[in-house]
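# Close look at the chain arrangement
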Amino acid sequence: MGGLQPWHWVIVIAVFVLLFGAKKLPDAARSLGKSMRIFKSEIKEMQADSKSDTPPATPIASERVDNAAPDNATAPATEHPSDKRPA
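What counts, and at which threshold
- Residues numbered from 1 in each chain as written.
- Predicted model: local features only at pLDDT ≥ 70, side-chain atom pairs only at ≥ 80, totals over all residues.
- Heavy atoms only, no water.
- UniProt positions renumbered as here; feature names shortened; annotations may be inferred.
- Helix = DSSP H or I, 4+ residues; strand = E, 2+ residues; numbered from the N terminus.
- Buried < 20%, exposed > 50% of the residue type's maximum accessible area, 1.4 Å probe, protein only.
- Areas by Shrake-Rupley, 256 points an atom, 1.4 Å probe, with all protein chains shown as cover.
- Patch = residues over 30% accessible without salt bridge, like charges linked within 9 Å, V, L, I, M, F, W, Y side chains within 5 Å.
- Salt bridge = Lys/Arg side-chain N within 4 Å of Asp/Glu carboxyl O.
- Expected span 1.5 Å × (residues − 1).
- Polar contact = N/O pair within 3.5 Å; in protein donor to acceptor, adjacent residues only side chain to side chain.

As annotated in an unreviewed UniProt entry, the protein chain is Sec-independent protein translocase protein TatA from Mycolicibacterium novocastrense. Quoted verbatim from the Subunit (unreviewed entry) field of UniProt, the annotation for the protein chain is "The Tat system comprises two distinct complexes: a TatABC complex, containing multiple copies of TatA, TatB and TatC subunits, and a separate TatA complex, containing only TatA subunits. Substrates initially bind to the TatABC complex, which probably triggers association of the separate TatA complex to form the active translocon."

Let us look at the overall build of the protein chain. Across its full length, the protein chain holds two helices and zero strands. With 87 residues in all, the protein chain has 1% of them scored as buried. Per element, the accessible surface of the protein chain, about 8800 Å² overall, is 63% carbon and sulfur.

Okay, a nonpolar patch on the surface next. A cluster of nonpolar side chains, namely L4, W7, W9, I11, V12, I13, V15, F16, V17, L19 and F20, defines an oily patch on the protein surface of about 1100 Å² accessible area. Along the chain, the position of V15 falls in helix α1 (residues 6-20). For V15, a relative accessible area of 41% corresponds to the partly exposed category.

In this model, α1 (15 residues) spans 21 Å end to end at C-alpha, consistent with the 21 Å of a helix rising 1.5 Å per residue. Phi turns positive, to about 90 degrees, at G21, one or two residues after α1.

Turning to its location among the elements, D27 is positioned in helix α2 (residues 24-53). By relative accessible area, D27 is classed as partly exposed at 45%. Engagement of the side chain of D27 in a polar contact is seen with the side chain of R30, the distance being 2.8 Å.

Quick look at the structure:
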């Protein structure tokens, strides 16, 4: 009972023919098909763009600078870093 039976389809088609006319129905179907093809191609293009726009995952750079001088390089050459005592 939930589905449309063949005589329901006949009534629906008859209503469409009466409303739009037999000459305009092929043009309407053609333009609908063209619109669906355009919509489908735009969706594919958007999906391709979104895949190419996403940058590859890169690791987060450390805040520490690797080129910086070590702590003992600033101490005088005669002192050892462990010899520093509070005054």
